[in-house]
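Structural characterization, general
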Amino acid sequence: MPRESYQAQLETMQEDVLYMSEVVVDRLRTALAAMESKDEQAARDLIAGDDEVNDLYLELEQECIDLLALQQPVAGDLRLIASSFKIITDLERVGDLAVNLGEYTLDSQQDMFPEVDINTIGDHTVEMLQDAMAAYEARDPEACYAIAERDDELDALCEQASQTVVRELIETELDPEDSDEHVEELMQDVSRMLLTVRDLERVGDHAVNIAARTLYMVENDEELIY
């Protein structure tokens, strides 16, 4: 009976990790949709709801600690718990990045940079995160390698977007009669766009981290951990 209870606790922990990932993915999607439609109320709701992710993280952290302290797992079970603990940390940070996107939506002053395809970058990051969690659920090492390879594509998209923002800023002709306030708002919007691209790139990095920890969990292989 104790062994059955232990296995049930491990399964519950994994299910809770997957649930947390669903919440985080939903919040990331909400943040991207709010940014696209300039939905300030959705952005405010997103920011106000950040406690949900933080609470899930703390609950799962305690689950992992209890399993480590009370069950003293070894080998594969130890890697499962340790990797899950690292994964929920990545998920919590993605939740924070989603809040950042919500804040950028509230603070943006004007429509800019139509050539920057934030939706494509956002979709790429969401898919990477979902696929990383699917690899965790299925314990699929091949999927882990595929996610790591896709990060190069995301990095290229983000680099192209950042270069576009900088180029358009350089080519922008300011009216000498523009107020200092107008110029300051312009620079703030440039900064927010660059931060948006940076934060989406970081989501991709967290997806790779999840894939790396999953590979370690399944095959005791540290190749993707960096």
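Data block above holds the structure.
Note that the structure is a prediction, hence the values are computed from the model and not measured.

This part is about the overall build of the protein. Helix and strand content of the protein: seven helices and zero strands. Considered along the principal axes of its C-alpha atoms, the protein spans approximately 80 × 35 × 25 Å. Scored against the burial criterion, the 226 residues of the protein give a buried share of 42%. Total accessible area on the protein is roughly 11,800 Å²; 46% of this is exposed by carbon and sulfur atoms. Across the protein, the 15 positively charged side chains and the 57 negatively charged ones have centroids separated by 5 Å.

Turning to a negative patch on the surface, a few remarks are in order. Negative charge collects at one region of the surface, where Asp 26, Asp 51, Glu 52, Asp 55 and Glu 59 lie side by side. Among the elements that take part in the negative patch, helix H3 (residues 50-71) stands out by supplying four residues, more than any other. As for its placement among the helices and strands, Asp 55 is situated in helix H3. When its relative accessible area of 41% is taken as the criterion, Asp 55 is described as partly exposed.

Even without being glycine, Lys 38 reaches a positive phi, approximately 55°. Looking at where Lys 38 falls in the secondary structure, it is placed in the loop between helix H1 (2-37) and helix H2 (40-48). Positive phi is not limited to glycine here, since Asn 220 has a value of about 55°. Inspection of the secondary structure assignment puts Asn 220 in the segment after helix H7 (180-219). Judged by its relative accessible area of 47%, Asn 220 is partly exposed.

Calculation notes
- Residues numbered from 1 in each chain as written.
- Predicted model: local features only at pLDDT ≥ 70, side-chain atom pairs only at ≥ 80, totals over all residues.
- Heavy atoms only, no water.
- Helix = DSSP H or I, 4+ residues; strand = E, 2+ residues; numbered from the N terminus.
- Buried < 20%, exposed > 50% of the residue type's maximum accessible area, 1.4 Å probe, protein only.
- Areas by Shrake-Rupley, 256 points an atom, 1.4 Å probe, with all protein chains shown as cover.
- Lys, Arg positive; Asp, Glu negative; His and termini not counted.
- Charge placed at Lys NZ, Arg CZ, Asp CG, Glu CD.
- Patch = residues over 30% accessible without salt bridge, like charges linked within 9 Å, V, L, I, M, F, W, Y side chains within 5 Å.
- Salt bridge = Lys/Arg side-chain N within 4 Å of Asp/Glu carboxyl O.

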